[in-house]
Structures are given as structure tokens and as C-alpha cells.
Amino acid sequence: MGMEFFKSDKNARSNVAVPIAFPIIAGSGTLTTIMSLKANYHDASILIAILINLVVVFVVLKSLSFLEKLLGPAGLIAVRKFFGVILLAIAVKIFATNASGLIK
């Protein structure tokens, strides 16, 4: 159809870490998840889960150069677009869930 939904970037490396790293580390879902887990689990279990998550994030961030070589430029663009769609879906879900509170 000749329509381009995502703006092409000549440098595939420019924004690779953004969709992978920041939603995991400091996304809005982080605080929401912690608050909802607090209702069902003990503080020690939540702390252990957070520490395990930090280790996983550290390993992923340290291995980005390996993942870049493994995926190649086309793979990086595909991963960036995939995570962009996922983040958009999460944002729409959060907005739709809370939209009824705005109307009241």
C-alpha cells in the first residue's frame, strides 16, 4: 500500500537499548507490579524477585553487543519495532483501564 508506519533509521544501532532496557528497569509497570505483588506476597519474596530481575537485566545489557552481532541490522530493526508495538499495547491497556476514572 506504500504506507510507512515506522520512521526508517539509517543507523540501526542508534536506539537499540531503549526498547529493551528502560521499560524493564524504570517503566510505569514496575511500580504497579510491586504494589500488586505487595498484596499477595511477603516483602522478602518481592525483594528476592527484584534482585533476580536486576541480575537478568544486567546480563542482557552486558550482552547487547553480542545480541547486536547475532541479530544484525535487520534483526535490530525488527526487535525495535516489535517492542514498540508491545509498549504501545501496554500503554493503551493502562489508559483504557483507567479511562473510566477520568469520566467520573
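How each quantity is defined
- Residues numbered from 1 in each chain as written.
- Predicted model: local features only at pLDDT ≥ 70, side-chain atom pairs only at ≥ 80, totals over all residues.
- Heavy atoms only, no water.
- Helix = DSSP H or I, 4+ residues; strand = E, 2+ residues; numbered from the N terminus.
- Buried < 20%, exposed > 50% of the residue type's maximum accessible area, 1.4 Å probe, protein only.
- Contact = heavy atoms within 4.5 Å.
- Areas by Shrake-Rupley, 256 points an atom, 1.4 Å probe, with all protein chains shown as cover.
- Salt bridge = Lys/Arg side-chain N within 4 Å of Asp/Glu carboxyl O.
- Patch = residues over 30% accessible without salt bridge, like charges linked within 9 Å, V, L, I, M, F, W, Y side chains within 5 Å.
- Phe/Tyr/Trp six-rings, centres within 6.5 Å; stacked < 30°, edge-to-face > 60°.
- pLDDT = per-residue confidence, 0-100.
- Expected span 1.5 Å × (residues − 1).
- Bend = angle between axes of the 7 residues up to and from the residue.

Q: Describe the overall build of the chain, and please don't skip the residues or the numbers.
A: Each helix and strand counted, the chain has four helices and zero strands in total. Going from the N terminus to the C terminus, the chain shows its helices and strands as α-α-α-α. Here the chain holds 104 residues, and 13% of them are scored as buried. For the chain, the share of sequence-separated contacts (at least 6 apart) that also reach a separation of at least 24 residues comes to 74%. Of the roughly 8,600 Å² of accessible surface on the chain, 72% is carried by carbon and sulfur atoms.

Q: Which residues make up the pattern of salt bridges, and what are the values?
A: Considering all chains together, one arrives at one salt bridge under this definition. A salt bridge links aspartate 43 to lysine 38; its shortest N-O distance comes to 2.4 Å. The class for aspartate 43 is partly exposed, based on a relative accessible area of 48%.

Q: Tell me about a nonpolar patch on the surface, and name the residues and values.
A: Where nonpolar side chains cluster on the molecular surface, the patch consists of Ile34, Leu47, Ile50, Leu51 and Leu54 and spans about 420 Å² of accessible area. Top element by residues in the nonpolar patch is helix 3 (residues 43-62). It accounts for four residues. Positionally, isoleucine 50 belongs in helix 3. Looking at isoleucine 50, the relative accessible area reads 33%, which means it is partly exposed.

Q: How would you sum up the environment of isoleucine 46? Please name residues and give values.
A: Residue placement: isoleucine 46 occurs in helix 3. Taking C-alpha positions, isoleucine 46 is 7.5 Å from isoleucine 34, a pair spaced 12 residues apart along the chain. Beyond its immediate sequence surroundings of up to four residues, isoleucine 46 is in contact with Leu37, Lys38 and Tyr41.

Q: Residue-level account of the packing of aromatic side chains, with values.
A: Enumeration over the complete set of coordinates arrives at one aromatic pair. With centroids separated by 5.5 Å and ring planes inclined at 75°, the aromatic side chains of phenylalanine 82 and phenylalanine 83 adopt a geometry described as edge-to-face. A relative accessible area of 29% means that phenylalanine 83 is categorised as partly exposed.

Q: Can you explain the confidence of the model for the chain? Please cite residues and give values.
A: Taken residue by residue, the chain gives an average pLDDT of 76. The fraction at 70 or more is 71%. Helix 3 holds the highest mean pLDDT among the elements of the chain, 86, whereas helix 1 (residues 17-26) holds the lowest, 54.

Q: With reference to specific residues and values, describe helix 4 (residues 64-103).
A: Relative to the 58 Å expected for 40 residues at 1.5 Å per residue, helix 4 spans just 43 Å between its end C-alpha atoms, considerably shorter than the ideal helical length. The sharpest bend along helix 4 comes to roughly 105°, located at glycine 72, with the proline proline 73 sitting one to four residues further on. Listed in full, the buried residues belonging to helix 4 are Leu64, Gly72, Gly75, Leu76, Arg80 and Ala99.

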